[in-house]
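Structural overview
Residues per chain are reported as follows:
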Amino acid sequence: MDLPEPPLFTGQFAVNGATRLYGTIGDPIRQLRMTGIMPQVFAAVGANAAWLPFEGAAPLLPLMLDALGKMRNLGGFTVTIPHKTAILPLLGRVTRRAQAAGSVNLVKREADGTLAGDMADGAGFVAGLEAQGHRVRGASVWLVGLGGAGGAIAAALCEAKVGRLLVTELKADRAEAGLDRLSRFYPDVPVAGIAAEHPPKGIHYAINATPLGLRPGDPLSFDPMTLDADAVIAEVIMSPVETPLLQRARTHGRRIHHGRHMLDHQIPMYLDWFGIDSKGVDVVRLVRSIA
């Protein structure tokens, strides 16, 4: 006997009341804030949707993508460690900024089953900076780390037309690949690699985009006291809220910028990418109100 077709989905509501599925792919996923944040966001914007954790190690990634791409009630998912870079060549379509970043953190399932990828880490970081009153266009920036988040931030800074971008990355192959991508996609932005032991002068923003600070006892990625006194010291790490880098900068009177701003300002981008209408809802304010 033939089984009936599953319900079709249009916009943010599912026909016949079925629920649209979203989630995060990563390994591990126990540190995720999204599973706590997104159900409240969906409720606020009136979306019939659920947010799930999809945990799988690197060898499982192609299998997971194949299965998810066949799920007609899948809306999309975000991507976290360790898959942001590895997933890029496995997708059917990726945006220009994801190509420039060399990584993906946002995927949607299109009507024909194609999985399309984008990168919102960098755009969220830049939006968070500007929302705190920090002008990016024309600024001189030192970025430490060119991994998944660092590559995305570098691309977004170039897209925002910074005046100068200096990059420090200890892995030579990653540094070479990242600088090559930036020069190809943003030839009009001055970008150069520098050694960590020679902190630059005349910097408006110094950004830690490495994992240093996640674990107790981690060394600082750089010493903020070697920079000009008016430089803003910024983090991508969200937990702990104030890393040793930010603590050192703050206790010595330096301006700091917390990592959580990057995620707060990405959530509206997620909704837009997934085609979920959030008009009339201050999504950033809502996300900030969630612990």
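Criteria and cut-off values
Residues numbered from 1 in each chain as written. Predicted model: local features only at pLDDT ≥ 70, side-chain atom pairs only at ≥ 80, totals over all residues. Heavy atoms only, no water. Pairing = 2+ DSSP bridges. Helix = DSSP H or I, 4+ residues; strand = E, 2+ residues; numbered from the N terminus. Contact = heavy atoms within 4.5 Å. Axes fitted to C-alpha atoms, helices over the stretch in contact; angles between N-to-C directions. Parallel < 35°, antiparallel > 145°, perpendicular 65-115°, else oblique. Left-handed = near helix turned anticlockwise from the far one by under 90°. Nonpolar A, V, L, I, M, F, W, Y, C, P; charged D, E, K, R; others polar. Salt bridge = Lys/Arg side-chain N within 4 Å of Asp/Glu carboxyl O. Buried < 20%, exposed > 50% of the residue type's maximum accessible area, 1.4 Å probe, protein only. Arc of directions from axis to C-beta. Core = buried A, V, L, I, M, F, W, Y, C linked by side-chain atoms within 4.5 Å. Phe/Tyr/Trp six-rings, centres within 6.5 Å; stacked < 30°, edge-to-face > 60°. Lys NZ or Arg CZ within 6 Å of the ring centre and 35° of its normal.

Here we take up the sheet that holds strand β4 (residues 49-55). Pairing within the open sheet is mixed, and its six strands lie in the order β4-β3-β5-β7-β8-β6. Every other strand in the sheet has two partners, leaving β4 and β6 (93-94) as the edge strands with one partner each. Summarising the sheet, strand β5 (residues 74-79) and strand β7 (residues 106-109) pair through three bridges and their orientation is antiparallel. Across the sheet, Thr 78 pairs through a bridge with Leu 106, a residue of β7. Of the strands in this sheet, β3 (20-26), β4, β5, β6, β7 and β8 (115-118) touch helix α9 (residues 267-274), which is tilted by about 25° from β7.

This paragraph deals with the packing of helix α1 (residues 34-45) against α9. Following both chains from N to C, one finds α1 and α9 inclined at 60°, their axes separated by 12 Å at the closest point. By the angle between their directions, the pair α1 and α9 is classed as oblique. Crossing of α1 against α9: the hand is right-handed. Facing Met 34, Met 38, Val 41, Phe 42 and Val 45 of α1, the residues of α9 in contact are Ile 267, Tyr 270 and Leu 271. Taken together, the residues of the contact of α1 with α9 sort by class into eight nonpolar, no polar and no charged.

What follows is about the sheet that holds strand β10 (residues 164-168). Strand order in the open sheet formed by six strands is β11-β10-β9-β12-β13-β14, with parallel pairing between adjacent strands. Of all the strands in the sheet, the pair left with one neighbour each is β11 (191-193) and β14 (255-257). Neighbour to neighbour, the strand axes of the sheet diverge by 20° on average, direction disregarded. Its contacts with the sheet put helix α6 (residues 172-185) on β10 and β11, and the angle it makes with β11 is roughly 170°. Helix α7 (residues 244-251) contacts β12 (205-208), β13 (232-235) and β14 of the sheet and is inclined by roughly 160° relative to β13.

Our next topic: the pattern of salt bridges. Taken as a whole, this structure holds eleven salt bridges when the rule is applied. Here Lys 84 makes a salt bridge to Asp 121, at a shortest N to O gap of 2.5 Å. Of this pair, Lys 84 sits in the loop between β5 and β6 while Asp 121 sits in helix α4 (residues 121-131); the two residues are 37 residues apart in sequence, bridging distant segments of the chain. The same class applies to Lys 84 as to Asp 121, namely buried.

Further remarks concern α9. Looking only at α9, the buried set comprises Ile 267, Tyr 270, Leu 271, Trp 273 and Phe 274. Considered in projection along α9, the buried side chains sweep an arc of 165° and stay on one side of the axis. Within two residues after α9, Gly 275 carries a phi angle of roughly 75°, on the positive side.

Of all hydrophobic cores here, the largest spans 51 residues; its most connected members are Phe 77, Ile 87, Leu 157, Leu 165 and Ile 207. In terms of residues, this core owes the most to one element, helix α5 (residues 148-159), which gives seven residues. Aside from chain neighbours lying at most four places away, what touches Leu 157 is Val 126, Val 136, Val 141, Val 162, Leu 165 and Ile 207. Core analysis: the next-biggest nonpolar cluster, separate from the first, contains 23 residues, Ile 37, Ala 47, Ile 276 and Ile 290 among them.

Inspection of the entire model under this criterion finds six aromatic pairs. An angle of 40° between the planes, with centres 6.2 Å apart, marks the rings of Phe 42 and Trp 51 as tilted. A residue is classified by how much of its surface remains accessible, and Trp 51, at 6% relative accessible area, is buried. Three or more aromatic residues joined by ring pairs make a cluster, and in this case those are Tyr 22, Phe 42, Trp 51 and Phe 274. Note that Arg 96 overlies the ring of Tyr 186, its terminal NZ or CZ placed 5.4 Å from the centroid. A cation over a ring is seen here: Lys 108 above Trp 273, with NZ or CZ 4.2 Å from the ring centre.

What is shown is where atoms sit, not what they do.
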